[in-house]
Amino acid sequence: MTTYRIALHRDEKPKPRKRRINGVEFVVATPPSYLPDGLAYEYDEEDGILRILFQYLGNAEKAVRQEGGEKVSFLVGENSQKLLAVEIQVDHKGEELSSVRIVVTDQVPKALQRVRAGSQVVKDNYGIAGKALREHGAEIASTVCQ
Amino acid sequence: MSHLWREHELSRNWKRFLVIVNVATALALTLYSTAISLPVNNLGTQATLREKITVFVDEKVPFWVVISVVGVFVVTGIIVRVADHRWNPQTPYVRAALEALQIDLWSQPPATLDGSDHRHRITLFQAQRRNWFVKRFTEDKHSHRLVPRARLPRGLGRDPQKIWLCDHHHGNLCTGIAGQVYASNTSLATSPLPDLANGGSKKKYAKMTNDMEREETIYSRVIGGIPLMSSSGGRWGVLVLDSCDPHAIDPNKWEETSVQEKVKILSSNLPEAKS
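Predicted, not measured: the structure shown is a model, and the values here were computed from it. (Residues numbered from 1 in each chain as written. Chains lettered and ligands numbered in written order. Predicted model: local features only at pLDDT ≥ 70, side-chain atom pairs only at ≥ 80, totals over all residues.)

## As for the sheet that holds strand β5 (residues 49–55) of chain A
Residue and element names in this part refer to chain A. Just so we agree on the cut-off: Two strands qualify as a pair provided DSSP detects at least 2 bridges between them. For the purposes of this entry, the term helix denotes a DSSP run of H or I that reaches at least four residues, the term strand denotes a run of E that reaches at least two, and both are numbered from the N terminus. The axes are straight lines fitted to the C-alpha atoms, using for helices just the contacting stretch, and the angles between their N-to-C directions are given from 0 to 180°.
In spatial order, the strands read β1-β4-β5-β8-β7-β6; together these six strands make up an open sheet with antiparallel pairing. The outermost strands of the open sheet, each flanked by one partner alone, are β1 (3–7) and β6 (63–67). Within the sheet, the average angular offset between the axes of one strand and its neighbour, ignoring direction, is 20 degrees. Examined bridge by bridge, β5 and strand β8 (residues 83–89) share five bridges and lie antiparallel to one another. When the bridges of β8 are listed, Leu53 appears paired with Ala85.

Next comes the structure, spelled out in structure tokens:
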């Protein structure tokens, strides 16, 4: 099983924004611990699972599984709720490139939007993950369907 | 060296177990010494219950049992003490990370970071759970407090003393910008704060900094903070940045990879958050 890696760039992360808290204006930014440095992906041929891992420097948090819809499940941090991995059931390696690509670039980001995020930072984290999948989904799908 | 505390760390359950054993043995030894020291005036059927217990302990408890209990008390005490090796915020990696951050944020070389320079500061606050006794028997119901553990520059040769109160469940109870950052779990920066040296309003300053009106020697013109998480994802504390220059804190700079990496390196070496 080969693992591929993609580094995420600064442009793919949300920009600081202004927000009023208790009547006082602040500039609010997503904390570094919720910003993935990159993503890695691998295809487990035995189980037929495409696993996309979001990498955070020094992270050793336990993962909790959450259903993300048909053939998709998410692994989120037990304490932080940030997205650690996405698992997609790909029936066989010969599955058509276009169908895998649609799942990665469209279905998963949409499913991430539906997942109940407890706080704004978690929403931001899912937003970054969705954006990264839209951006790099084609590359991921083409590797799996080679 | 920086990982020394990890090597001594016990799981919370083990530590709890050892503390219970330690306390139980201490209690047993106290009862034993009390029992054998009390006088016995009556024996047989006329003896009181206390006297019967004293005689029983004196005659039936072998000396090797007492020695074993003393041994268990000493050994568990030592293990708990060694395992409770507290995280030292003055370890070289913390200092190095804070210095590197200071250079990244303000292009300020460490050589100028002496005690007299208060222009830009970085303070590391650790969230500590408050004692149940304090919460139970006082009016102060805050669940946590943010305790300063390290600061650059080190000011007047002593660590910062100000403690901010915060609450896991009621964000509006949190005090200071540090409390605000902890409650919202997001990186925050104030807009430029009133210049109190030139007639700015103290009331407005207090409102903007989420604090009460107070006398200070230095009033920061801008304050920001970044929440810190330990590697297991628990909320650990806050890194507060403040400066006398109202334009010195730029959250866009926090987005730079080098700044984020340093914060992440700092976070990944923090001890487990006890929330």
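On we go from here.
## Some details on the pairing of strand β1 (residues 120–129) of chain B
All names here are of chain B. Short version of the rule: Buried means a residue has 20 or more other C-beta atoms within 10 Å of its own C-beta, exposed means 12 or fewer, and partly exposed covers the counts in between; C-beta atoms are placed from the backbone.
Among the ten residues of β1, eight are classified as buried, and the element is accordingly described as predominantly covered. The pairing of β1 with strand β6 (residues 235–243) spans seven bridges and is classified as antiparallel. From the neighbouring strand, Arg121 faces β6, where its bridge partner is Asp242. As paired strands, β1 and strand β2 (residues 144–152) are joined by eight bridges and run antiparallel to one another. Across the sheet, the residue bridging to Thr123 is Arg151, located in β2.

## Side note on the confidence of the model for chain B
Residue and element names in this part refer to chain B. What counts is decided by this rule: Here pLDDT means the predictor's own confidence in every residue, given as a number from 0 to 100. For the purpose of contact definition, each residue receives a C-beta atom placed from its backbone, and two residues are in contact when these atoms lie within 7 Å.
Taken over all residues, the pLDDT of chain B has a mean of 78, while the share at 70 or more is 84%. Ranking the helices and strands of chain B by mean pLDDT puts strand β5 (residues 222–229) first, with 91, and helix α1 (residues 4–7) last, with 40. Low confidence marks residues 1–8, where pLDDT is under 50. Its contacts with residues over four positions away, or in another chain, come to twelve contacts. pLDDT under 50 marks residues 110–116. Its contacts with residues more than four places away, or in other chains, come to twelve contacts. Both scores are available for the predicted complex, with the pTM at 0.73 and the ipTM at 0.83.

## Some points on the interface of chain B and chain A
We apply this condition: Under the convention adopted here, Pro, Cys and the residues Ala, Val, Leu, Ile, Met, Phe, Trp and Tyr are nonpolar, Asp, Glu, Lys and Arg are charged, and Gly plus all remaining residues are polar.
Across the boundary between the two partners, chain B contributes 30 residues, which contact 27 residues of chain A. Going through the elements one at a time, α7 (176–184), β4 (187–190), α8 (202–208), β5, α9 (251–254) and α10 (257–268) of chain B are the ones with two or more residues in the side of chain B that touches chain A. At eight residues, α10(B) tops the list of elements feeding residues into the side of chain B that touches chain A. Residue composition of the side of chain B that touches chain A, by class: ten nonpolar, 16 polar and four charged.

## Some details on the nonpolar core
Rules: Note on terminology: a nonpolar core is any set of buried Ala, Val, Leu, Ile, Met, Phe, Trp, Tyr and Cys residues joined through C-beta atoms within 7 Å.
Grouped together as the largest cluster of nonpolar side chains are 41 residues, with contacts concentrated most on Ala178(B), Tyr182(B), Val238(B) and Leu239(B). The contact partners of Ala178(B), leaving out residues within four places of it in the chain, are Phe125(B), Leu146(B), Trp164(B), Gly225(B), Val238(B) and Val240(B). Leu35(A), Tyr41(A), Val90(A) and Val121(A) belong to the second-largest nonpolar core, a separate cluster that totals 33 residues.

## A word on the packing of helix α5 (residues 92–106) of chain B against α10(B)
All names here are of chain B. Selection criterion: With respect to orientation, any angle under 35 degrees is reported as roughly parallel, any angle over 145 as roughly antiparallel, any angle of 65 to 115 as roughly perpendicular, and every other angle as oblique. Take the far helix as the reference: if the near one is turned anticlockwise from it by less than a right angle, the crossing is left-handed, and if turned clockwise, right-handed.
Interhelical geometry of α5 versus α10 gives an angle of 165 degrees and a closest axis separation of 10 Å. Overall, the two elements α5 and α10 adopt an arrangement that is roughly antiparallel. Considering the relative orientation of α5 and α10, their crossing is left-handed. Taken together, the residues of α10 that come into contact with α5 (itself represented by Val94, Ala97, Ala100, Leu101, Asp104 and Leu105) are Ser258, Val259, Lys262, Ile265 and Leu266. For the contact of α5 with α10, a count of residues per class yields eight nonpolar, one polar and two charged.

## Focus on the sheet that holds β6(B)
Overall, antiparallel pairing links the eight strands, which are arranged β2(A)-β3(A)-β4(B)-β5(B)-β6(B)-β1(B)-β2(B)-β3(B) in an open sheet. If you trace the sheet from one side to the other, it starts and ends with β2 (17–21) of chain A together with β3 (164–166) of chain B, each paired once. Pairs of neighbouring strands in the sheet enclose a mean axial angle of 30 degrees, with direction left out of account. Sitting on the sheet, α5(B) touches β1, β2 and β6 of chain B, and the angle it makes with β1(B) is about 135 degrees.

## Details of the environment of Pro32(A)
Along the chain, the position of Pro32(A) falls in the loop between β3 (24–29) and β4 (38–44). For the pair Pro32(A) and Leu57(A), spaced 25 residues apart in the sequence, the C-alpha separation amounts to 9.6 Å. Ignoring sequence-local partners within four residues, the contact set of Pro32(A) consists of Ile226(B), Gln260(B), Val263(B) and Lys264(B).

## Quick word on the environment of Thr2(A)
Residues and elements named next belong to chain A. Mapping Thr2 onto the fold places it in the segment before β1. Looking at Thr2, the number of C-beta atoms within 10 Å reads 7, which means it is exposed. As for Thr2 and Val72, which are separated by 70 residues in sequence, their C-alpha atoms are 21 Å apart.

## Notes on the environment of Glu139(A)
Here Glu139(A) shows up in helix α2 (residues 120–144). Separated by 38 residues in sequence, Glu139(A) and Arg101(A) place their C-alpha atoms 8.6 Å apart.

## What to know about the pairing of β2(A)
Residues and elements named next belong to chain A. Buried residues are scarce in β2, accounting for zero of its five residues. Pairing analysis gives five bridges linking β2 to β3, with the strands arranged antiparallel. When the bridges of β3 are listed, Ile21 appears paired with Val24. Linkage of β2 to β3, two consecutive antiparallel strands, is achieved through a turn of two residues, within which Asn22 is found at a positive phi near 50 degrees.

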